[in-house]
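What follows is the residue order along each chain.
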Amino acid sequence: MKGPPMENKTALVIDKVDKSFSVKTGKKSEVGLLQVLRAISMSVMEGEIIGLLGPSGCGKSTLLNIVAGFEQPDKGEVLFQGEPVVIPAPERSVLFQSAVLFPWFTVKENIVYGLRNRRENQGIIEKKYCQYVQLVGLKGFDNYYPNQLSGGMQQRAALARALIMEPRMLLMDEPFAALDAQTRMLMQQLLLGISEQIKPTILFITHDIEEALILSDRILVMSKLPGKIIYEVTVPFSRPRDLSMIGSYGFAKMKDEIRQYLFDQLL
Ligand SMILES: Nc1ncnc2c1ncn2[C@@H]1O[C@H](COP(=O)(O)OP(=O)(O)O)[C@@H](O)[C@H]1O
Ligand SMILES: [Mg+2]
């Protein structure tokens, strides 16, 4: 049985990151600073899957956007493979809650978009397309347009479009939150299967404790604003994961413990 990530190299370092936004405070046009992140630090190993939980509005997306390079921290730094993150790059691929597909492109055109953009050779494009469309289970839907797909299938296409670029890290911001419960379960299983095959490093935001436990090697819980990391736990379930673990005592115990930390933040 394969254990947790084999590689022992650090992929991502977040070091004492602070972030504030200017916001309108009230009447007139007064502007104040809203501190969203405070002294966030973490280190993510290559191939590791980190689940990030926290109450709504605590800064999870802000943190992910900083790692993606969409936002800059006010203080502290973010290093990816030892280099400071300054701009977005395909090596740190982002997946959002709703699949952002081009509506005028077919599934295939959407998935190969990045490779075409990179002027990759046609033979390589076809080979990789076959590989990744199969990986996400969308074979046969090549010529469908996004509006002809279910939400889950759209998310599969978005996932293939990200994976085909062979990113070194996937940043996933509640990617399954908009899906119905059954589809969400299927997507979790799909992601588990993919993580066995290609072992990507993943930062996975979710508000669903169970989802975090199913997918992650390690879970970090953030406080309410300003977001700090208040709890960290290593998920002990072996890989490949088996969804039957959901019924186990250990799973329920961890879920309850995390729920306590989250609940305290809602008060
Ligand atoms: N660009 C922005 N300008 C001002 N405030 C923002 C901006 N982005 C996020 N915020 C605020 O920062 C806080 C954290 O937001 P966010 O990171 O989206 O939280 P989460 O993803 O945990 O729900 C919220 O109060 C939100 O309103
Ligand atoms: Mg968010």
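Keep in mind that this is a model prediction, so the values were computed, not measured.

Draft legend 1. Quick peek at the packing of helix α5 (residues 151–163) against helix α6 (residues 181–198). It is the contact of α5 with α6, at a shortest axis distance of 11 Å, that shows an interaxial angle of 20 degrees. With respect to α6, the axis of α5 lies roughly parallel. Note that α5 runs across α6; the crossing there is right-handed. Side by side, α5 and α6 meet where Gly152, Gln155, Arg156, Leu159 and Leu163 of the first sit next to Thr183, Leu186, Met187, Leu190, Ile194 and Ile198 of the second. Counted by class, the contact of α5 with α6 contains 7 nonpolar, 3 polar and 1 charged residues.

Draft legend 2. Quick peek at the sheet that holds strand β1 (residues 10–24). A sheet is described by the order of its strands in space; here 4 strands give the open sequence β2-β1-β4-β5, paired in antiparallel fashion. The open sheet has two edge strands, β2 (31–45) and β5 (83–84), and neither has a second partner. In terms of strand pairing, strand β4 (residues 75–80) meets β5 through 2 bridges, oriented antiparallel. Across the sheet, the residue bridging to Phe80 is Glu83, located in β5. On top of the sheet, helix α1 (residues 60–68) reaches β1, β2 and β4; it is set at about 120 degrees to β1, its chief contact.

Draft legend 3. Just the site of ligand 1, in detail. Looking at ligand 1, there are 13 residues lining it, with Gly57, Gly59, Lys60, Ser61 and Thr62 nearest. With respect to ligand 1, the backbone of Gly57 contributes an N or O atom lying 2.7 Å from an oxygen atom. Contact between ligand 1 and Gly59: an oxygen atom at 3.1 Å from a main-chain N or O atom of the residue. Its free accessible area being 560 Å², ligand 1 has 62% of it covered by the protein chains. Ranked by residues supplied to the shell around ligand 1, first place goes to α1 with 3 residues. Classifying every residue of the shell around ligand 1 gives 7 nonpolar, 5 polar and 1 charged.

Draft legend 4. Structural view of the UniProt feature "domain: ABC transporter" (unreviewed entry) in the protein. Mapped onto this structure's residue numbering, the UniProt feature "domain: ABC transporter" (unreviewed entry) falls at residues 12–249. This span, residues 12–249, is 30% helix and 28% strand, and a straight line between its end C-alpha atoms measures 33 Å.

Draft legend 5. Layout of a nonpolar patch on the surface. Nonpolar side chains collect at one region of the surface, where Val23, Leu34 and Leu225 lie side by side and expose about 200 Å² of accessible area between them. Looking at the secondary structure, you find Leu34 in strand β2.

Draft legend 6. Representation of the layout of surface pockets within the structure. Size it by volume and the largest pocket reaches roughly 480 Å³. Taken together, 21 residues form the lining of the largest pocket, with Pro90, Ser93, Val94, Arg161 and Ala162 sitting closest to its centre. Residue assignment for the lining of the largest pocket shows that the elements contributing at least two residues are β6 (92–95), α3 (113–117) and α5. The leading source of residues in the lining of the largest pocket is β6, at 4 residues. Taken together, the residues that form the lining of the largest pocket break down as 16 nonpolar, 3 polar and 2 charged. Taken domain by domain, the lining of the largest pocket gets at least three of its residues from each of domain 1 (10–91 + 171–266) and domain 2 (99–166).

Draft legend 7. Quick look at the environment of Gln188. Examined against the element boundaries, Gln188 turns out to sit in helix α6. When its relative accessible area of 4% is taken as the criterion, Gln188 is described as buried. When the C-alpha positions of Gln188 and Ser43 are compared, they lie 24 Å apart, and in sequence the two are 145 residues distant. Apart from the residues lying within four places of it in its own chain, the contact partners of Gln188 are Phe176, Glu211, Ile214 and Leu215.

Draft legend 8. A look at the domain arrangement of the protein. When the domains of the protein are assigned, the result is domain 1 (10–91 + 171–266) and domain 2 (99–166). At the interface, 10 residues of domain 1 touch 9 residues of domain 2. The junction of domain 1 with domain 2 conceals about 910 Å² of combined surface from both sides, 79% of it contributed by carbon and sulfur atoms. Area buried by domain 1 at its contact with domain 2 is led by Met187, Leu190 and Ile194, which between them contribute 41% of it.

Conventions adopted
Residues numbered from 1 in each chain as written. Chains lettered and ligands numbered in written order. Predicted model: local features only at pLDDT ≥ 70, side-chain atom pairs only at ≥ 80, totals over all residues. Heavy atoms only, no water. Axes fitted to C-alpha atoms, helices over the stretch in contact; angles between N-to-C directions. Helix = DSSP H or I, 4+ residues; strand = E, 2+ residues; numbered from the N terminus. Parallel < 35°, antiparallel > 145°, perpendicular 65-115°, else oblique. Left-handed = near helix turned anticlockwise from the far one by under 90°. Contact = heavy atoms within 4.5 Å. Nonpolar A, V, L, I, M, F, W, Y, C, P; charged D, E, K, R; others polar. Pairing = 2+ DSSP bridges. Near = heavy atom within 4 Å. Polar contact = N/O pair within 3.5 Å; in protein donor to acceptor, adjacent residues only side chain to side chain. Areas by Shrake-Rupley, 256 points an atom, 1.4 Å probe, with all protein chains shown as cover. UniProt positions renumbered as here; feature names shortened; annotations may be inferred. Patch = residues over 30% accessible without salt bridge, like charges linked within 9 Å, V, L, I, M, F, W, Y side chains within 5 Å. Salt bridge = Lys/Arg side-chain N within 4 Å of Asp/Glu carboxyl O. 1 Å grid on protein atoms, 1.4 Å probe; cavity = no way out; pocket = protein on both sides within 12 Å on 5 of 7 lines; lining within 4 Å. Points joined across faces, edges and corners; volume = space filled by probe spheres on them. Domains from an automatic or database assignment. Buried < 20%, exposed > 50% of the residue type's maximum accessible area, 1.4 Å probe, protein only. Buried area = accessible area lost by both parts, 1.4 Å probe.

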